[in-house]
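Inside the fold
Listed below, chain by chain, are the residues.
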Amino acid sequence: MSSESEQTIADRLAHVEARIAKACRATGRDPAEVRLIAVSKTHDADAVRAALAAGHRVFGENRVQEAEGKFPALKAEYPDLELHLIGPLQTNKAKDAVALFDVIETVDREKLAAAIAAASEKTGRRPRCFVQVNTGEEPQKAGCLPAAADALIAACRITHGLDVVGLMCIPPIDDEPSLHFALLRKIAARNGLHQLSMGMSSDYEIAVRQGATQVRVGTAIFGQRDYSAG
Ligand SMILES: *Cc1c(COP(=O)(O)O)cnc(C)c1O
């Protein structure tokens, strides 16, 4: 296993869950309202197994191909495992993504919404979707611009019939994250969306205090990622 022992992963999961619960209590929220997505990208199946052994069932991956290498076998073994796609999706991978993922968090353009809808029709699977908003308006980052969000949400729902449940954002590295979380919450509220996917290892407690209904935590559970291992 990628350097982290099974016990370490179980301990870290418990630690993150406890901090989420504490952040919930501090703002009068029910900890049951917040789901922890364990982001296992770059970590091997044994790391995921350690989290599964500790009772965790919700995971996030950012690449379709990498997830295809790890998760079909794990899903067969744990039918209640729930897998979220949290990385950018190319339209030509939409069918593979729909076949494997239970939730797609990165819908950011109408062409992709159409590809997901077509894949749903073919596969009979209808993943829950989040529209990703580029709250920092960073040119290199995925996500629709805040000003385009209302129209995209409507098109996803009405034109393409997607099951849009909420919004997702990744704040710019150097910005105060709470400004971005507040903006995401505002866009969700005016569109009648109840789920907010926001907060990562460095800022998930802030996100919970700002209304996150799911946080995506990798490093704080699985340890540092080693991209050199390929
Ligand atoms: C990798 C990733 C995360 C987890 O990041 P950590 O800082 O390791 O917690 C969360 N969200 C997205 C979209 C990611 O790509």
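So, here is what we can say about the structure in this document.

Calculation notes
Residues numbered from 1 in each chain as written. Predicted model: local features only at pLDDT ≥ 70, side-chain atom pairs only at ≥ 80, totals over all residues. Heavy atoms only, no water. Salt bridge = Lys/Arg side-chain N within 4 Å of Asp/Glu carboxyl O. Helix = DSSP H or I, 4+ residues; strand = E, 2+ residues; numbered from the N terminus. Buried < 20%, exposed > 50% of the residue type's maximum accessible area, 1.4 Å probe, protein only. Axes fitted to C-alpha atoms, helices over the stretch in contact; angles between N-to-C directions. Parallel < 35°, antiparallel > 145°, perpendicular 65-115°, else oblique. Left-handed = near helix turned anticlockwise from the far one by under 90°. Contact = heavy atoms within 4.5 Å. Nonpolar A, V, L, I, M, F, W, Y, C, P; charged D, E, K, R; others polar. Near = heavy atom within 4 Å. Polar contact = N/O pair within 3.5 Å; in protein donor to acceptor, adjacent residues only side chain to side chain. Areas by Shrake-Rupley, 256 points an atom, 1.4 Å probe, with all protein chains shown as cover. Pairing = 2+ DSSP bridges. Right-handed = clockwise from strand over helix to strand, strands pointing away. Core = buried A, V, L, I, M, F, W, Y, C linked by side-chain atoms within 4.5 Å.

Turning next to the pattern of salt bridges. Proximity of charged atoms lets side chains of opposite charge pair with each other. Considering all chains together, one arrives at 13 salt bridges under this definition. Close ionic contact of Arg57 with Asp80 constitutes a salt bridge, the shortest N to O distance being 3.2 Å. Residue Arg57 is found in the loop between helix H2 (45-53) and strand E2 (58-61), and its partner Asp80 is found in the loop between helix H3 (64-77) and strand E3 (82-85); the two are separated by 23 residues along the sequence. A salt bridge links Glu61 to Lys70; the nearest nitrogen and oxygen atoms lie 2.7 Å apart. Note on Glu61: relative accessible area 0%, which makes it buried. Judged by relative accessible area, Lys70 falls into the buried class, the value being 10%. Through salt bridges with shared partners, a single network forms among Arg35, Glu82 and Arg128.

This part covers the packing of helix H1 (residues 6-26) against H2. Where H1 contacts H2, the two axes come as close as 9 Å, and the packing angle between them is 55 degrees. With respect to H2, the axis of H1 lies oblique. The hand of the H1/H2 crossing is right-handed. Side by side, H1 and H2 meet where Glu6, Ile9 and Leu13 of the first sit next to Ala47, Ala50, Ala51 and Ala53 of the second. Grouping the amino acids of the contact of H1 with H2 by side-chain chemistry returns six nonpolar, no polar and one charged.

The subject of this paragraph is the site of the ligand. As a structural note, the neighbourhood of the ligand is formed by Val39, Lys41, Ile86, Met168, Ile170, Met200, Ser201, Arg216, Val217, Gly218, Thr219 and Arg225. In this structure, an oxygen atom belonging to the ligand sits 2.6 Å away from a side-chain N or O atom of Lys41. At a separation of 2.8 Å, a nitrogen atom of the ligand approaches a polar side-chain atom of Arg216. Contact with the protein chains covers 89% of the free accessible surface of the ligand, which is 390 Å².

For strand E5 (residues 128-132), the tally of buried residues reaches four of five residues, placing the bulk of the element in the interior. As judged from the three bridges shared by strand E4 (residues 103-107) and E5, these two strands associate in the parallel manner. Following the sheet pairing, Val103 is matched in E5 by Arg128. You can see the chain leave E4, run along helix H5 (residues 110-123) and come back into E5, and the turn it takes is right-handed. Of the strand pairs in this sheet, E5 and strand E6 (residues 163-168) are connected by five bridges, and their pairing is parallel. Looking across to E6, one finds that Arg128 is bridged to Asp163. In this fold, the crossover linking E5 to E6 by way of helix H6 (residues 149-159) has right-handed handedness.

Among the nonpolar cores identified, the biggest contains 63 residues, and Phe59 and Ile116 are the most heavily contacted of them. Beyond its immediate chain neighbours, meaning those up to four positions away, Phe59 contacts Ile37, Ala38, Ser40, Val48, Ala51, Leu52, Phe71, Leu81, Glu82, Leu83, His84 and Phe222.

Of note in the backbone geometry, Thr42 takes a positive phi value of approximately 70 degrees without being a glycine. Relative to the assigned elements, Thr42 resides in the loop between strand E1 (35-39) and H2. Overall, Thr42 belongs to the partly exposed group, its relative accessible area being 29%. Backbone geometry places Glu137, a non-glycine residue, at a positive phi of 50 degrees. Residue placement: Glu137 occurs in the loop between E5 and H6.

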